[in-house]
Amino acid sequence: MDLPLVHDTDRTVMAAEAPPRLPGQARGVDADLRRHDAGGSPADARVQRAAGLWPGACLGLVIPLAGAVAWELAVRHGLASGRLMPPPSRLAQTAAVLARSGELQTHMLATMGRVGLGFAIGAAAGTALGMLNGASRMALRLLDPSVQALRAIPSIAWVPLFILWLGIFETSKLALIALGVFFPVYLGLLTAIQSVDRKLIEVGRVFGLSRIEIALLVTWPAVMPAWIAALRTGLGLGFMFVVAAELMGASEGLGYLLLDGEQMGRADEILVAMFVFAVLGKAADSVLVSAARPVLRWQDTHRLRL
Amino acid sequence: MSALVVRGLGKTYADGTEALRGVDVQVEGGEIVAILGGSGCGKTTLLRLIAGLDEPSAGEIAVDTVISAVFQEPRLLPWLTAAANIAFGGRRLNTAERQERTESLLRRIGLAGYGKRWPRELSGGQQQRVAIARALIGHPGVLLLDEPFSALDTFTRASLHDLLLDLWRDLQPAVLMVTHDIEEAVVLADRIVVMRPHPGRVQETLRVGLPRPRDRLAPEFDLIKRTALRAINRSLSPPPEMHRGGSGVSPWV
């Protein structure tokens, strides 16, 4: 019988610390049994690792918090003016005022709506074309060179054309965001499909699966992790391009708040908008990751146990 | 009617390499045939052609029943649990039978209670056992084995030989296995087809007339091992005219 591959250091230590026994007692066997008994619970390892992560996560907060406190004190004691870099208390105040008037929510909703819709369009198109070109060599040869050529154009360079074609309102903004999301999703998915382990495809063929069945039961699950990663990259770019889109002319949205802050000379407004961007971006990414977690569980386990 | 008949099979790759020439092999239902030979003798190519993974350049393959295979590596689908991997091989069965057979195979391969594990949580030997169960769940008439035990340590390998024979007795599929391990061939096979390289073709066929279970320490076992080794040595030496391209049967049969 092969022993399960679990490195259960905890239990081994326990066994080693057991009180000394008389010579001749079957201690080795006992320790072996304990280790074997612990083999069935990958959850153990997961809990240990998670617990181990906590101090690390808190450690990351030390510098931002210390910096904030130091800046607050510096401004209060007159060591710095805080005009161009308002202290945290000012930022909190500004955020509260903006939130109370409902202005902040309006801007957030406008930005989230644009990113959400633009991301949906770009991700759907990138996924569809990635699947098509991954499935058909003919389609790949016909379409991929053009897509790659378009990808070489910096997405922001499309802005003037989009405004001419689609006007200065929502459509051109969505087009820019969707375009930014499209490329990483397309490229990530296509590359993943092309690099699926040939040996797994052969398993499908030996067991008599049709091409469609192989695509659904072998290729798709195999590319899932790379697809999720590509979506995350796309989402990040979506946030980048929503700023570009809103800076080029909008009456609401966090990008508008940035621009308004610049024109009014209000650094606090700019910083609040930037902070909200950080929170929204991180939250959107977390939603994506937790939505993907159930289907990536097989991989997750692997990573934690390596 | 043989479960598997291969006639005059040849394979020349696009780059001009001739991997196989005029290979004849026949396997009856309930028979285990081992293909033995050094590297470059086209053993794996032969199996890939029979499995339908490559197209032959010449000759024909007649298979009458469901084929399945165990590869050199387990090749489990990493996103499916051990149980789901076994069930994957039984997609033709109805749901109830598939579940029932998955459970019973998990027990038979000594992994009852391991059904919910991911492949990565299993050892190499355990993974290969799951792969064997996956290959057998769908009642195959022909089972192809491509050096399935070569990556395992000696003890694991011996236990998997026993497991394979145990499962084979139930279903009695025709088994065609490729190996470079002489002892493995003598332990498992009814007949041993020795191949010679460049291009791959059949050198000779040996019949292993030992009753199962086979005792690896018995003198007859050793005798057959030595005979097989001599055949291999002949296959690696420059070809004498009488053996060229032919499939002789060695004199001691």
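Residues numbered from 1 in each chain as written. Chains lettered and ligands numbered in written order. Predicted model: local features only at pLDDT ≥ 70, side-chain atom pairs only at ≥ 80, totals over all residues. Heavy atoms only, no water.

Q: Looking at this structure, I do not really get the overall build of chain B. What am I missing?
A: Helix and strand counts for chain B stand at 7 helices and 10 strands. For 253 residues, the compact-globule estimate of 2.2 N^0.38 gives 18 Å, and chain B sits close to it at 18 Å. Taken over the C-alpha atoms alone, chain B extends approximately 55 × 45 × 35 Å along its principal axes. Put simply, chain B has 253 residues, and 58% of those count as buried. Look at the contacts in chain B between residues 6 or more apart in sequence, and 73% of them connect residues 24 or more apart. Element-wise, carbon and sulfur atoms account for 53% of the exposed surface of chain B, whose accessible area totals about 10,600 Å². The distance from the centre of the 31 positive side-chain charges to the centre of the 29 negative ones in chain B is 2 Å. (Helix = DSSP H or I, 4+ residues; strand = E, 2+ residues; numbered from the N terminus. Rg over C-alpha atoms; globule rule 2.2 N^0.38 Å. Buried < 20%, exposed > 50% of the residue type's maximum accessible area, 1.4 Å probe, protein only. Contact = heavy atoms within 4.5 Å. Areas by Shrake-Rupley, 256 points an atom, 1.4 Å probe, with all protein chains shown as cover. Lys, Arg positive; Asp, Glu negative; His and termini not counted. Charge placed at Lys NZ, Arg CZ, Asp CG, Glu CD.)

Q: Even after reading the chapter, I still don't get helix H5 (residues 154-171) of chain B, so can you show me in this structure?
A: Since the α-helix packs 3.6 residues into each turn, any two residues three or four apart lie on the same face. Residue and element names in this part refer to chain B. For H5, built from 18 residues, the straight-helix expectation of 26 Å at 1.5 Å per residue is met to within 8% by its first-to-last C-alpha distance of 26 Å. Turning to H5, its buried residues number three or more, namely Thr156, Arg157, Leu160, His161, Leu163, Leu164, Leu165, Leu167 and Trp168. For H5, the secondary structure elements touched by its buried residues are strand S3 (32-36), helix H3 (95-108), helix H4 (124-136), strand S6 (142-146), strand S7 (174-179) and helix H6 (182-188). The backbone nitrogen of Phe155 has a side-chain oxygen 3.1 Å away, supplied by the residue at the start of H5, namely Asp153. Just past H5, the residue Gln172 takes up positive phi, approximately 55 degrees. (Expected span 1.5 Å × (residues − 1). Polar contact = N/O pair within 3.5 Å; in protein donor to acceptor, adjacent residues only side chain to side chain.)

Q: So what exactly am I meant to see when it comes to the packing of aromatic side chains here?
A: Within a pair of aromatic rings, the relevant descriptors are the distance that separates the centres and the angle that separates the planes. Counting across every chain of the model gives 6 aromatic pairs over all chains. Ring centres of Phe182 of chain A and Tyr186 of chain A lie 5.8 Å apart, and the angle between their planes is 5 degrees; this geometry places the pair in the stacked category. Taken as a pair, Phe182 of chain A and Tyr186 of chain A lie in helix H8 (residues 170-194) at a separation of 4 residues, close to a single helical turn. Both residues of the pair, Phe182 of chain A and Tyr186 of chain A, belong to the buried class. Where Trp220 of chain A meets Trp227 of chain A, the ring centres are 5.2 Å apart and the plane angle is 55 degrees; that geometry is what we call tilted. The partly exposed category is assigned to Trp220 of chain A, whose relative accessible area is 25%. When its relative accessible area of 17% is taken as the criterion, Trp227 of chain A is described as buried. Grouped by ring-pair contacts, the aromatic residues Phe182, Phe183 and Tyr186 of chain A constitute a single cluster. The cationic tip of Arg75 of chain B hangs over the ring face of Phe71 of chain B; the distance from NZ or CZ to the ring centre is 3.9 Å. (Phe/Tyr/Trp six-rings, centres within 6.5 Å; stacked < 30°, edge-to-face > 60°. Lys NZ or Arg CZ within 6 Å of the ring centre and 35° of its normal.)

Q: For this particular structure, what's the right way to read the confidence of the model for chain B?
A: Low-confidence regions, as indicated by low pLDDT, have predicted coordinates that should not be scrutinised in detail. Chain-level statistics for chain B give a pLDDT mean of 84 and a share of 93% at 70 or above. For this predicted complex, the interface score ipTM comes out at 0.83, alongside a pTM of 0.77. (pLDDT = per-residue confidence, 0-100.)

Q: I keep staring at the nonpolar core and nothing clicks. Help me out?
A: A general feature of soluble globular proteins is that nonpolar side chains tend to end up buried together. Counting residues in hydrophobic clusters, the biggest one holds 51 residues, and the most contacted among them are Ile86, Ile109, Val130, Ile132, Leu143, Phe149 and Ile192 of chain B. Other than its neighbours up to four places away in sequence, Ile86 of chain B contacts Thr102, Leu105, Leu106, Ile109, Val130, Ala133, Arg134 and Ile137 of chain B. Grouped together as the second largest cluster of nonpolar side chains are 48 residues, Val147, Phe182, Ala244 and Ala245 of chain A included. (Core = buried A, V, L, I, M, F, W, Y, C linked by side-chain atoms within 4.5 Å.)

Q: Please clarify how the pattern of salt bridges should be interpreted in this entry.
A: Two side chains bearing opposite charge may form a pair once their charged atoms approach each other closely. Under the defined criterion, the tally for this structure stands at 25 salt bridges over all chains. One salt bridge in this structure joins Arg191 of chain B and Glu31 of chain B, with 2.8 Å as the shortest N-O distance. With Arg191 of chain B in strand S8 (residues 191-196) and Glu31 of chain B in the loop between strand S2 (18-27) and S3, this pair connects stretches of sequence that are 160 residues apart. Taking relative accessible area as the criterion, Arg191 of chain B reaches 14% and is therefore assigned buried. Classification of Glu31 of chain B by relative accessible area gives buried; the value is 10%. Here Lys43 of chain B makes a salt bridge to Glu147 of chain B, at a shortest N to O gap of 4.0 Å. Linking Lys43 of chain B in helix H1 (residues 43-51) with Glu147 of chain B in the loop between S6 and H5, this pair joins segments that are 104 residues apart in sequence. The same class applies to Lys43 of chain B as to Glu147 of chain B, namely buried. By sharing partners, the salt bridges in this structure join Arg198, Lys199 and Glu202 of chain A together with Arg48, Asp54, Glu73 and Arg75 of chain B into a single network. (Salt bridge = Lys/Arg side-chain N within 4 Å of Asp/Glu carboxyl O.)

Q: Is there a simple way to think about a nonpolar patch on the surface in this case?
A: Together, Leu161, Leu164, Trp165 and Leu166 of chain A line one region of the surface with nonpolar side chains, adding up to about 440 Å² of accessible area. The topology assignment puts Leu164 of chain A in helix H7 (residues 159-166). (Patch = residues over 30% accessible without salt bridge, like charges linked within 9 Å, V, L, I, M, F, W, Y side chains within 5 Å.)

Q: Which parts of the structure should I look at to understand the sheet that holds strand S1 (residues 4-12) of chain B?
A: The strands making up a sheet associate through backbone hydrogen bonding, with each pair oriented either parallel or antiparallel. Residue and element names in this part refer to chain B. Taken together, the 3 strands give an open sheet; going across it, the order is S2-S1-S4, and neighbouring strands pair in antiparallel fashion. Looking at which strands have only one partner, the edges of the open sheet turn out to be S2 and strand S4 (58-63). Adjacent strand axes in the sheet meet at a mean angle of 15 degrees, parallel and antiparallel pairs treated alike. In this sheet, S2 lies alongside S1 in antiparallel orientation, the contact comprising 6 bridges. Paired with Leu9 across the two strands is Val23, which belongs to S2. Strands in contact with H1 are S1, S2 and S4; relative to S1, the strand with the most contacts, it is inclined by about 115 degrees. (Pairing = 2+ DSSP bridges. Axes fitted to C-alpha atoms, helices over the stretch in contact; angles between N-to-C directions.)

Q: What's the story with the interface of chain A and chain B in this structure? I'm lost.
A: When the parts come together, some accessible area is lost, and that loss is often what is quoted as the size of the interface. In this assembly, 27 residues from chain A lie in contact with 32 residues from chain B. Summed over both sides, the interface of chain A with chain B buries roughly 2,700 Å², with 60% coming from carbon and sulfur. Our enumeration of links across chain A and chain B arrives at 4 salt bridges. Across the salt bridge formed by Arg91 of chain B and Glu213 of chain A, the nearest N and O atoms sit 2.5 Å from each other. Seen at the junction of chain A and chain B, the total is 7 residue pairs in polar contact (both at pLDDT 80 or more). Per element, the largest residue contribution to the side of chain A that touches chain B is 7 residues, and it comes from helix H9 (residues 198-206) of chain A. (Buried area = accessible area lost by both parts, 1.4 Å probe.)

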